[in-house]
Amino acid sequence: MLSVNVGTLLQQESGSKKIVAIDDVVENGNDRFLVKGTVRLCKTNRFIVAEADLVATSELTCMRCLNKFISTFTVKFTDEFYTKDNLIVMAREGNREDDLEDFFTVDGRNILDLSEAIRQYAIMSEPLKPICTENCDPLRQR
Ligand SMILES: [Zn+2]
């Protein structure tokens, strides 16, 4: 579930947690990631911390033979999600508005949407040099 209602969590005291099971598809242009795992949400007095422990599966192009293959890699990240109220407090404390724009946010209906964060971190977690098999050798395949 990529859209999580955190209305109840936000009313609970700091340190309260919510575990979200993820088994979803996140898309990025032509890329599709199938992501599975858990995201732990923890409320602090300033924001909600999301701690993701996921495995992504995606079709990548082998850099040696240029064939497409299915790649599986881990996507782990910790990031913060701010409600509008959190952001107002931050702005009052002198943070510049454009700094605040970069944060992930919880919308006015208390929906915390994980898809953008997972998409960004999945792209960063993709293998830099995708190779279909360890000893892929395009010259020998002819
Ligand atoms: Zn290959």
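Residues numbered from 1 in each chain as written. Predicted model: local features only at pLDDT ≥ 70, side-chain atom pairs only at ≥ 80, totals over all residues.

Moving on, we get to the sheet that holds strand E3 (residues 31–43). If you trace the 5 strands from one edge of the open sheet to the other, you get E2-E3-E4-E5-E6, paired in mixed fashion. Each edge of the sheet is formed by a strand with only one pairing partner; in this case those strands are strand E2 (17–28) and strand E6 (104–105). Here 12 bridges tie E2 to E3, and the two strands are oriented antiparallel to one another. Across the sheet, residue Lys17 finds its bridge partner in E3, namely Cys42. Here helix H4 (residues 115–125) sits on the sheet in contact with E2, E3, strand E4 (48–61), strand E5 (68–82) and E6, set at roughly 130 degrees to E5. (Pairing = 2+ DSSP bridges. Helix = DSSP H or I, 4+ residues; strand = E, 2+ residues; numbered from the N terminus. Contact = placed C-beta atoms within 7 Å. Axes fitted to C-alpha atoms, helices over the stretch in contact; angles between N-to-C directions.)

It is worth spelling out H4 at this point. Restricting attention to buried positions, one finds in H4 the residues Ala117, Ile118, Tyr121 and Ala122. Taken end-on, H4 shows its buried residues confined to a sector of 125 degrees, consistent with a single buried face. Counted as exposed and oriented over 90 degrees from the buried face of H4: Glu116 and Met124. (Buried ≥ 20, exposed ≤ 12 C-beta atoms within 10 Å, placed from the backbone. Arc of directions from axis to C-beta.)

Turning next to the pairing of E4. By the bridge criterion, 11 bridges tie E3 to E4 in an arrangement that is antiparallel. Each residue of the ladder has a partner; that of Phe33, found in E4, is Ser58. In this structure, the hairpin formed by E3 and E4 is closed by a connection of 4 residues. For E4 and E5, the ladder comprises 14 bridges, and the chain directions are antiparallel. Bridging from a neighbouring strand, Asp53 pairs with Lys76 of E5. Turn length for the E4-E5 hairpin, with the two strands adjacent in sequence and antiparallel, is 6 residues, and the turn residue Leu66 shows positive phi of about 65 degrees.

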